[in-house]
Amino acid sequence: LISVGRLVPWKGFDALIKLGKVLQQDIPDIHIMIIGSGPAHGHLAEKIRECGMEAIVTLAGSLSHEDVLAAFAAGDIFILNTAYEGFSHTLLEAMAMGIPVCTTRSGGNTELIRDQESGMFFDWNNVDQMRSAVMRIAADKSFSHALAARAQEKARSFSSERMLGEIATVLKNV
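Residues numbered from 1 in each chain as written. Predicted model: local features only at pLDDT ≥ 70, side-chain atom pairs only at ≥ 80, totals over all residues. Heavy atoms only, no water.

**Student:** What am I meant to see in the packing of helix 3 (residues 65–74) against helix 4 (residues 89–97) here?
**Tutor:** For any two helices packed against each other, one specifies the crossing angle of their axes together with the interaxial distance. Remark: helix 3 packs on helix 4, axes separated minimally by 9 Å, with the N-to-C direction vectors making an angle of 55°. In terms of orientation, helix 3 lies oblique with respect to helix 4. The hand of the helix 3/helix 4 crossing is right-handed. On helix 4, the residues touching His65, Leu69, Phe72 and Ala73 of helix 3 are Thr90, Glu93, Ala94 and Met97. Looking at the contact of helix 3 with helix 4 residue by residue, the class counts come to 5 nonpolar, 2 polar and 1 charged. (Axes fitted to C-alpha atoms, helices over the stretch in contact; angles between N-to-C directions. Helix = DSSP H or I, 4+ residues; strand = E, 2+ residues; numbered from the N terminus. Parallel < 35°, antiparallel > 145°, perpendicular 65-115°, else oblique. Left-handed = near helix turned anticlockwise from the far one by under 90°. Contact = heavy atoms within 4.5 Å. Nonpolar A, V, L, I, M, F, W, Y, C, P; charged D, E, K, R; others polar.)

Written as structure tokens, this is what we have:
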């Protein structure tokens, strides 16, 4: 599982640590990579140690854009547990990379994802719902591939060419 974001409380990384503990029973080789930096780094590192999750949860720190995209390409599921979100370009990039996505209904996420069609929704910090979404994707490869394909299709609608074309149309009509 890959997650990317600023290490702040409203990104729910604590719940991802709990998720790792729950999922290791179902998926013994589970690994969660949290990419990002921020003020909660020390707290999260301590939580990982307290839970004995050092072998399962990695705090990767800040990575270059290329390395984040490489993590998406290598990962099986992108998970964004967020209580607050504007328009998530990270979610859009994950979709474009063809990794199945699970996230909350916060902010602009509902503009990008249709539940069970181009991704899966769960309630913020709801470990049981996150587990169900991950297990569904992990257990059903055809479902996983269909989610990723529809997400990639949606992501293409945000291409530079399309956006510039629409801006040009608006400017011509002004």
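Don't stop here, the text continues.
**Student:** Before we go on, may I ask you to explain a nonpolar patch on the surface in this structure?
**Tutor:** Taken together, Trp10, Tyr84 and Trp124 make up a surface patch of nonpolar side chains, about 380 Å² in accessible area. In this structure, Tyr84 sits in the loop between strand 4 (78–80) and helix 4. Here Tyr84 falls in the exposed class, since its relative accessible area comes to 57%. (Patch = residues over 30% accessible without salt bridge, like charges linked within 9 Å, V, L, I, M, F, W, Y side chains within 5 Å. Areas by Shrake-Rupley, 256 points an atom, 1.4 Å probe, with all protein chains shown as cover. Salt bridge = Lys/Arg side-chain N within 4 Å of Asp/Glu carboxyl O. Buried < 20%, exposed > 50% of the residue type's maximum accessible area, 1.4 Å probe, protein only.)

**Student:** Help me understand the side chain of Thr82, please; the structure alone is not making it clear to me.
**Tutor:** Mapping Thr82 onto the fold places it in the loop between strand 4 and helix 4. There is a polar contact of 2.5 Å between the side chain of Thr82 and the backbone oxygen of Tyr84. Polar side-chain contacts of Thr82 include one of 3.1 Å to the side chain of Glu85. For Thr82, the residues in contact, after removing those within four places along its chain, are Trp10, Lys11, Thr103, Thr104, Ser106, Asn109 and Trp124. (Polar contact = N/O pair within 3.5 Å; in protein donor to acceptor, adjacent residues only side chain to side chain.)

**Student:** Looking at this model, I keep getting lost on the packing of aromatic side chains. Mind explaining?
**Tutor:** Within this structure, the stated rule accounts for 2 aromatic pairs. It is Arg136 that lies over the ring of Phe143; its NZ or CZ is 3.6 Å from the centre. (Phe/Tyr/Trp six-rings, centres within 6.5 Å; stacked < 30°, edge-to-face > 60°. Lys NZ or Arg CZ within 6 Å of the ring centre and 35° of its normal.)

**Student:** Which parts of the structure should I look at to understand the nonpolar core?
**Tutor:** Within soluble globular proteins, side chains that are nonpolar generally end up buried alongside one another. Leu1, Leu19, Val57, Ile79, Cys102 and Met130 are the most contacted members of the largest nonpolar core, which totals 30 residues. Every element with two or more residues in this core is listed here: helix 1 (13–26), strand 2 (32–35), helix 2 (41–50), helix 6 (127–139) and helix 7 (141–156). Take this core: its biggest share by element is 6 residues, from helix 1. Discounting chain neighbours no more than four positions away, the residues touching Met130 are Ala15, Leu16, Leu19, Ile79, Asn81, Phe122 and Asn125. Val4, Ala71, Phe72 and Leu80 belong to the second largest nonpolar core, which has 19 residues in total. (Core = buried A, V, L, I, M, F, W, Y, C linked by side-chain atoms within 4.5 Å.)

**Student:** Looking at this model, I keep getting lost on helix 4. Mind explaining?
**Tutor:** Because each turn of an α-helix spans 3.6 residues, side chains separated by three or four positions in sequence point in the same direction. By the burial criterion, the buried members of helix 4 are Leu91, Leu92, Ala94 and Met95. Seen along its axis, helix 4 keeps its buried residues to an arc of 160°; they face one direction. For helix 4, the elements touching its buried residues are helix 3, strand 4, strand 5 (101–103), helix 5 (109–112) and helix 7. Phi for Gly98, located one or two positions after helix 4, is positive at around 80°. (Arc of directions from axis to C-beta.)

**Student:** Which parts of the structure should I look at to understand the side chain of Ser144?
**Tutor:** Position of Ser144 among the secondary structure elements: in helix 7. In this structure, Ser144 is in contact with Pro100 and Ile137, ignoring residues within four places of it in sequence.

**Student:** Would you mind going over the pairing of strand 2 with me for this structure?
**Tutor:** Along a regular strand, successive side chains alternate from one face of the sheet to the other. Of the strand pairs in this sheet, strand 1 (residues 2–4) and strand 2 are connected by 3 bridges, and their pairing is parallel. Bridge assignment links Ser3 to a residue of strand 2, and that residue is Ile34. Taking the sense of rotation as the criterion, the β-α-β connection linking strand 1, helix 1 and strand 2 turns out right-handed. Two elements, strand 2 and strand 3 (residues 57–61), share 4 bridges in a ladder whose sense is parallel. Within the sheet, the bridge partner assigned to Ile34 lies in strand 3 and is Leu59. Crossover strand 2 to strand 3 through helix 2 is right-handed. (Pairing = 2+ DSSP bridges. Right-handed = clockwise from strand over helix to strand, strands pointing away.)

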